[in-house]
Amino acid sequence: MSIYVDADACPVKAEVEKVGTRHKVQMFIVSNGGLRPSQNPLVETVIVPEGPDVADQWIADRAGPGDVVITGDIPLAAKCVASGALVLKHNGEPLTEANIGNVLATRDLMADLRAADPFRQGGGKSFSRADRSRFLDALERALRTAATHRPGA
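Residues numbered from 1 in each chain as written. Predicted model: local features only at pLDDT ≥ 70, side-chain atom pairs only at ≥ 80, totals over all residues. Heavy atoms only, no water.

(A) Structural detail: the nonpolar core. Counting residues in hydrophobic clusters, the biggest one holds 22 residues, and the most contacted among them are Val30, Trp58, Ile59, Val69 and Cys80. For this core, the elements supplying multiple residues, two or more each, are β2 (26-31), α2 (54-62), α3 (74-82) and α4 (100-116). In terms of residue count, α3 provides more of this core than any other element does, six residues in total. For Trp58, the residues in contact, after removing those within four places along its chain, are Tyr4, Phe28, Val30, Val46 and Val48. One finds Ala7, Val25, Leu88 and Ala142 within the second-largest nonpolar core, a separate group that totals 20 residues. (Core = buried A, V, L, I, M, F, W, Y, C linked by side-chain atoms within 4.5 Å. Buried < 20%, exposed > 50% of the residue type's maximum accessible area, 1.4 Å probe, protein only. Helix = DSSP H or I, 4+ residues; strand = E, 2+ residues; numbered from the N terminus. Contact = heavy atoms within 4.5 Å.)

(B) Main features of the pattern of salt bridges. This structure, assessed with the given rule, holds six salt bridges. Across the pair Lys89 and Glu93 runs a salt bridge, and its minimum N-O distance is 3.3 Å. Overall, Glu93 belongs to the partly exposed group, its relative accessible area being 29%. Residues Asp131 and Arg134 are paired through a salt bridge, measuring 2.3 Å at the closest nitrogen-oxygen approach. With a gap of three residues between them, Asp131 and Arg134 both fall in helix α5 (residues 129-149), about one helical turn apart. With a relative accessible area of 43%, Arg134 lands in the partly exposed category. (Salt bridge = Lys/Arg side-chain N within 4 Å of Asp/Glu carboxyl O.)

See below:
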């Protein structure tokens, strides 16, 4: 069991490290650079080459059953769900086989709406303390679930 973090613009890296360490789980913090490596022996900072979706592909190539993926990238989430990994957004929302199709469709619709109105501002909401709390709770649940559903467990 491992935790993979799509670390570019991830607001919960410290929380992942805290919970992952408590559960003694290997963590991979994946980005295009600019992150300070952790001194934690369970955390591996992976710097991938520059390029579109290189970090996403690195995670998608490795995540599978029994792993947990933390990402706000919906196409990456869809790939990881398809490979059997448990996926959480930064606010703790789980992305599953049951909801990933609707989430992808909504993402595409919103992209189309933004493209149709280049003057549209905002749309995103700030990351709150409640989001952080929900994430911590969801990560705890996901790690317990992954531990019981990992291959060979």
